Structures are given as C-alpha cells and as structure tokens.
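The lines below spell out each chain.
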Amino acid sequence: MNSAPARRLFFALWPDEAQRAALMEATGEIVRSCGGRAVPGSNLHVTLAFLGSVPEPRLADLSDLAQRTAATFPGDAAPLGIVLQGFEYWAKPQVLAVPERGAPAQLAPTSGALQLASTLTTTSVAAGFSPDLKPFRAHVTVARKVASAPHLGEMREVRWRFDSFVLLESRTLTAGPVYSVVGSYLLGSAEKVRT
C-alpha cells in the first residue's frame, strides 16, 4: 500500500531579520560560551503548534484552518507582541532557550501568543491533525546540544511584534534543521499573505 508523501510541519511566529539580529546581539555572549551549537539566525522562531508529519493531501485543509484562525484573531490584539528576556537551560533536550518574560504562572491567560497557540492546537485536533499537546510557553531556542547547564547571565529584553503567523516545514539536513515557509497568515484577516 502506497501512502501519500508527508511533510514535517508546525505553526510559528516568524521574526524578520531585524528582530532576529536584536535577539542574536542580546544573547550572543552566553550562546558562544554555553558549549553548544548556536541556532542559525535564519532559524530563530517561536513555535505555536507542532503538527509533526502531515500527509501532502492535507495541506489545503491546514491552510484553510490557518486562514480561519487568522480571520478570527481579535483585531485589538494585533500586532501580537512578545517580550523575550532571560535564559533557561532545558537538560533533557539539551537546549538553551530564551522565554517570554515572566514565569508560566505569571503569564496572562489572555496573552496573544498563548491565545493563538491554543486556538491553532484546538482547531488542529478538531480537524483530525495530531499536534503536540504539551502546555504552550512562548520561547526561542538559541542553542542546541548544550551538554550541561551553563552560567546563565543577564540579557536585555528583546521585543518582537507580529502581524502574521506562518506554517513552516522542517527538513533535517546534516548541518541541522532547515525551515521554509509554506504559508503566511495575516492576523485579523482572512487573507493569506504568501505561499
């Protein structure tokens, strides 16, 4: 039995070059000294909902779901803002991450990123997809293969703002993961920005 080709997909907030550069500048010293492998600037993002392996024929369903989610995002909540500050070492995946400012319990339940991630996860499940159901916390992974907890110094806050979210495809190459935008969806609009 032949199965349809599948693509490894996830929804994310995809910063522009200036936003990536600001985070790299704020985290550079710690990332260089952590003993791990820096995430390339072109790969920096905030994952909203990881979908995993999605059969090619279901891409249209996923795009429709994303457009509906974007269209129903409250207009007064866009652009969506995230303040990144501090470092966390996550031992099991061996990564160094920069979280959204504030501990999980302190994040407002009406946080735009949290609302968007929750809606994308819920609607994906309802449409028959199998997203990762771990609790959401906005963060950016800045280093991988960090074998032990580094000294975590201070960093100045970095503010990112988004008027859209994207559907990304992840491909794993020898040098590491490569992400490409499959679709971009304007918050508060039924318009699909690009494919």
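Note that the structure is a prediction, hence the values are computed from the model and not measured.

Draft legend 1. Focus on the overall build of the protein chain. Looking only at helices and strands, the protein chain has 3 helices and 11 strands in total. Start at the N end of the protein chain and walk to the C end: the helices and strands fall as β-α-β-β-α-β-β-β-α-β-β-β-β-β. Overall, the protein chain is about 45 × 45 × 30 Å in size when its C-alpha atoms are taken along their principal axes. Taken across its 195 residues, the protein chain has 44% of its residues classed as buried. Looking at the protein chain as shown, the accessible area adds up to about 10100 Å², and 53% of this sits on carbon and sulfur atoms. With 19 positive and 16 negative side-chain charges, the protein chain shows a separation of 6 Å between the mean positions of the two kinds.

Draft legend 2. Representation of the packing of aromatic side chains in the model. According to the stated counting rule, one finds 5 aromatic pairs in the structure shown. Ring-pair connections join several aromatic residues into one group, and the members of that group are Phe10, Phe50 and Tyr179. The residue whose ring lies beneath Arg20 is Trp14, and the NZ or CZ to ring-centre distance is 4.3 Å. The aromatic ring of Phe129 is capped on one face by Arg58, whose charged end is 4.0 Å from the ring centroid.

Draft legend 3. Fine view of the pairing of strand S10 (residues 176-186). Relative to S10, strand S9 (residues 164-173) runs antiparallel, the two being bridged by 10 bridges. The partner of Glu169 across the bridge, within S10, is Ser180. Here S9 folds back onto S10, and the loop between the two strands holds 2 residues.

Draft legend 4. Up close: the layout of surface pockets. Looking at the largest pocket, its volume works out to about 1100 Å³. As for the largest pocket, its lining consists of 31 residues, of which Thr47, Phe50, Asp132, Lys134 and His139 are closest to the centre. Secondary-structure elements contributing two or more residues to the lining of the largest pocket are strand S1 (6-13), strand S3 (46-55), helix H3 (112-126), strand S7 (139-144), S9 and S10. In terms of residues, the lining of the largest pocket owes the most to one element, H3, which gives 5 residues.

Draft legend 5. Fine view of the pattern of salt bridges. Here the structure, examined in full by the defined rule, presents 9 salt bridges. Notably, a salt bridge pairs Arg101 with Glu157, separated by 2.3 Å at the nearest N-O pair. Of this pair, Arg101 sits in the loop between strand S6 (95-99) and H3 while Glu157 sits in the loop between S7 and strand S8 (158-162), placing them 56 residues apart in sequence. Using a relative accessible area of 28% as the deciding quantity, one classes Glu157 as partly exposed. Residues participating in the shared-partner salt-bridge network are Arg7, Glu56 and Glu169.

Draft legend 6. Molecular detail of the nonpolar core. Within the largest apolar cluster, 47 residues are counted, with the highest numbers of intra-cluster contacts made by Phe11, Leu13, Leu23 and Phe165. Listed in part, the 6 residues of the second largest apolar core include Phe10, Trp14, Leu168 and Tyr179.

Draft legend 7. Local environment of the pairing of S8. Along S8, the buried face is formed by Val158, Trp160 and Phe162; none of Arg159 and Arg161, which line the opposite face, is buried. Sheet topology places strand S4 (residues 80-84) next to S8; 5 bridges connect them, and they run antiparallel. Looking at the pairing, Val83 lines up with Arg159 of S8.

Draft legend 8. Quick look at the confidence of the model for the protein chain. Scored by pLDDT, the protein chain has a mean of 89; 91% of the residues are at 70 or more. This model gives residues 103-109 a pLDDT under 50, and the stretch forms 9 contacts once residues within four places in sequence are excluded.

Reading guide: rules and limits
- Numbering of residues begins from 1 in every chain and follows the order in which that chain's sequence is written.
- Restriction of local features to residues with pLDDT of at least 70 applies here, the model being predicted, together with a cutoff of 80 or more for giving and counting side-chain atom pairs; totals for whole chains, interfaces and linings are based on all residues.
- As a rule here, side-chain values come from all non-hydrogen atoms in the structure, and water together with hydrogens is ignored.
- Secondary structure follows DSSP: runs of H or I at least 4 residues long count as helices, runs of E at least 2 residues long count as strands, and numbering of each begins at the N terminus.
- Accessibility here uses a 1.4 Å probe with only protein chains present; expressed as a share of the type maximum, an area under 20% marks a residue as buried, one over 50% as exposed, and anything in between as partly exposed.
- Only the protein chains shown count as cover for residues, and all accessible areas are computed by the Shrake-Rupley method using a 1.4 Å probe.
- For the purpose of counting charges, residues Lys and Arg are taken to be positive, whereas Asp and Glu are taken to be negative. His and the chain ends are not included.
- Every charge is mapped to an atom, namely NZ of Lys, CZ of Arg, CG of Asp or CD of Glu.
- Any pair of Phe, Tyr and Trp rings, taking the six-membered ring for Trp, is counted once the centres come within 6.5 Å. Such a pair is stacked with planes under 30 degrees apart, edge-to-face with planes over 60 apart, and tilted for the rest.
- Two thresholds decide whether a charge sits over a ring: the Lys NZ or Arg CZ must be within 6 Å of the ring centre and within 35 degrees of the ring normal.
- By definition, two strands form a pair when at least two bridges between them are found by DSSP.
- Definitions used for this entry: grid spacing 1 Å over protein atoms alone; cavity, a set of points where a 1.4 Å probe fits but cannot get out; pocket, an open set with protein on both sides within 12 Å along at least 5 of 7 lines; lining residue, one with an atom within 4 Å of a point.
- Grid points are joined across faces, edges and corners, and a volume is the space filled by probe spheres set on the points.
- A pairing counts as a salt bridge when a side-chain nitrogen of Lys or Arg comes within 4 Å of a carboxyl oxygen of Asp or Glu.
- As used here, the term nonpolar core means buried Ala, Val, Leu, Ile, Met, Phe, Trp, Tyr and Cys residues forming a set that is joined through side-chain atoms within 4.5 Å.
- As a per-residue quantity, pLDDT reports the predictor's confidence and falls between 0 and 100.
- We call two residues in contact when some of their heavy atoms are within 4.5 Å.

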